[in-house]
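Structural description and commentary
This is what each chain is made of:
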Amino acid sequence: MSPEPQPPTGRRGFLRGAAGVLAVPAAAGLVGALAEPAHADDGGLPDYAPIPAASVGPTPNADGYHVGQIAGNLYWVTDSFYQAMFLTTSRGVVLVDAPPTIGHNLLRAIDDVTRANGRPSKVTHLVYSHSHADHIGAAGLFGTDVVRIAHAATAGLLARAADPNRPLPTVTFHDKYQLKVGGETLRLAYHGPNHSPDNIFVYAPEYATLMLVDVLYPGWVPFKNLAVSQDIPDWIKAQSIAMDYPWQTFVGGHLGRLGVRADGALQIQYMDDLDAGTRSAIASVDPAPFFAKYGAQGNSWAIFKTFLDAVADTAAAPVAAKYTGVLAAADVFTRDNAWTLLESLRIDAGVLGPFGVRP
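Residues numbered from 1 in each chain as written. Predicted model: local features only at pLDDT ≥ 70, side-chain atom pairs only at ≥ 80, totals over all residues. Heavy atoms only, no water.

On to the overall build of the protein. Helix and strand counts for the protein stand at 10 helices and 12 strands. Classification of the 359 residues of the protein by burial places 51% in the buried group. Considering only contacts in the protein between residues 6 or more positions apart, those separated by 24 or more positions represent 64%. Carbon and sulfur atoms make up 57% of the accessible area of the protein, which amounts to about 16,200 Å² in all. (Helix = DSSP H or I, 4+ residues; strand = E, 2+ residues; numbered from the N terminus. Buried < 20%, exposed > 50% of the residue type's maximum accessible area, 1.4 Å probe, protein only. Contact = heavy atoms within 4.5 Å. Areas by Shrake-Rupley, 256 points an atom, 1.4 Å probe, with all protein chains shown as cover.)

With that settled, consider the nonpolar core. Nonpolar side chains in soluble globular proteins tend to be buried together. Among the nonpolar cores identified, the biggest contains 53 residues, and Phe201, Leu210, Tyr245 and Tyr270 are the most heavily contacted of them. Listed by contribution, the elements that provide at least two residues to this core are β10 (201–204), α5 (224–228), α6 (232–244), α7 (261–284), α8 (288–295), α9 (300–323) and α10 (330–347). For this core, the leading source of residues is α9, giving 11 residues. Contact partners of tyrosine 270, with chain neighbours within four places excluded, come to Val221, Pro222, Val319, Tyr323, Leu327, Thr334 and Asn337. Counting 24 residues, the second-largest nonpolar core is a separate cluster that includes Tyr75, Val113, Val123 and Val146. (Core = buried A, V, L, I, M, F, W, Y, C linked by side-chain atoms within 4.5 Å.)

On to the packing of α8 against α9, then. Between α8 and α9, the least distance of the axes is 9 Å, while the angle of their chain directions is 155 degrees. On the basis of their axis angle, the class for α8 and α9 is roughly antiparallel. Like other packed secondary-structure pairs, α8 and α9 cross with a definite hand, here right-handed. Taking contact as the criterion, the partners of Phe290, Phe291, Tyr294 and Gly295 in α8 are, on α9, Ala302, Ile303, Thr306, Phe307 and Ala310. Here the contact of α8 with α9 is built from residues that sort into seven nonpolar, two polar and no charged. (Axes fitted to C-alpha atoms, helices over the stretch in contact; angles between N-to-C directions. Parallel < 35°, antiparallel > 145°, perpendicular 65-115°, else oblique. Left-handed = near helix turned anticlockwise from the far one by under 90°. Nonpolar A, V, L, I, M, F, W, Y, C, P; charged D, E, K, R; others polar.)

Further remarks concern unusual backbone geometry. One non-glycine residue with positive phi stands out, namely aspartate 214, at about 65 degrees. Along the chain, the position of aspartate 214 falls in the loop between β11 (209–211) and α5. Relative accessible area serves as the criterion here: at 3%, aspartate 214 is assigned to the buried category.

A complete count under the given rule lists 12 salt bridges for this structure. With a shortest N-O distance of 2.9 Å, arginine 257 and aspartate 263 are connected by a salt bridge. The exposure class of arginine 257 is buried, given its relative accessible area of 12%. What emerges from the salt-bridge pattern is a single network uniting Lys305, Asp309, Asp313 and Arg335. (Salt bridge = Lys/Arg side-chain N within 4 Å of Asp/Glu carboxyl O.)

Coordinates in, geometry out; function isn't part of it.
Structure (structure tokens):
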């Protein structure tokens with residue numbers, strides 16, 4: 001009798017197994033049949049709505065990654081959690097980002113491709129989209145002789161972090177930078193702060209492909225609290241800036257599939273609905289019960305918390321209902337996203353509700 005298969009052990013085994021659960025074959029179109037729901041385990045974890053099949057990408061291989069051709073010499077790699085992009089050139093490989101969850105699989109993916117196309121496998125240039133460790137925390141794998149390119153603000157943030165896994169850039173720029181290597185071109189541009197103070201746009205003009213990390217999430221709602229972005233108004237603006245580029249393929253840095261232009265339009269629609277719902281909820285939720293109960297106790301923070309939570313709940317409910325089955329995880333993060341948008345409307349846009357100018 002054959003022994004029962006054992007679950008994968010260790011970090012690599014866990015990531016490989018988790019990626020396999022997340023990924024299903026890609027589906028055409030924005031809205032497809034729903035994937036089978038994951039069931040809560042005996043620990044009482046919550047159940048969420050099934051993921052639309054069109055929201056997920058190709059299944060990772062046995063090592064836990066998928067590498068695919070975007071067009072020509074441009075490729076992408078994903079573990080279903082994160083994404084990187086790379087160009088194979090006659091002089092070597094230009095890599096954009098080095099997410100630690102992909103880690104050494106970046107090297108395996110590059111070897112897979114260059115072995116097939118006969119181009120050099122050495123990574124000669126590494127572009128940092130921004131300073132965050134979850135996107136460039138494996139940069140140290142590529143040695144000390146790689147040319148590391150980033151926005152000038154990234155250099156300052158990395159100097160402060162002093163993280164050996166994120167070596168300082170060797171080339172920096174302020175507004176625009178054109179990288180030409182071995183007959184291939186990437187155009188890097190900074191359009192101001194958005195998700196982070198240093199996040200850049202990486203455009204491959206020959207392949208009509210834009211990589212912009214933590215701004216658009218093809219097939220999914222934005223990550224918790226609007227991608228924990230540091231400048232919400234400019235993060236929202238960055239979505240429209242992205243759509244001004246003439247791209248046909250989008251690399252968002254997260255999750256398991258590439259984007260098409262309809263994905264960007266759908267996220268902008270989601271954000272418009274969330275904005276309208278949040279503004280309406282600020283005006284419609286009655287603050288009196290919160291002031292009456294917690295004001296009598298002198299608990300100012302309780303007034304803020306309960307009122308703001310009630311507004312976020314009111315704003316999120318119809319938006320989550322509308323997009324469940326259309327955008328993955330609409331029921332997971334829409335309430336958190338509404339709360340963050342509410343705070344931005346209050347402190348950035350001056351939509352203060354009951355905390356406005358006292359009559």
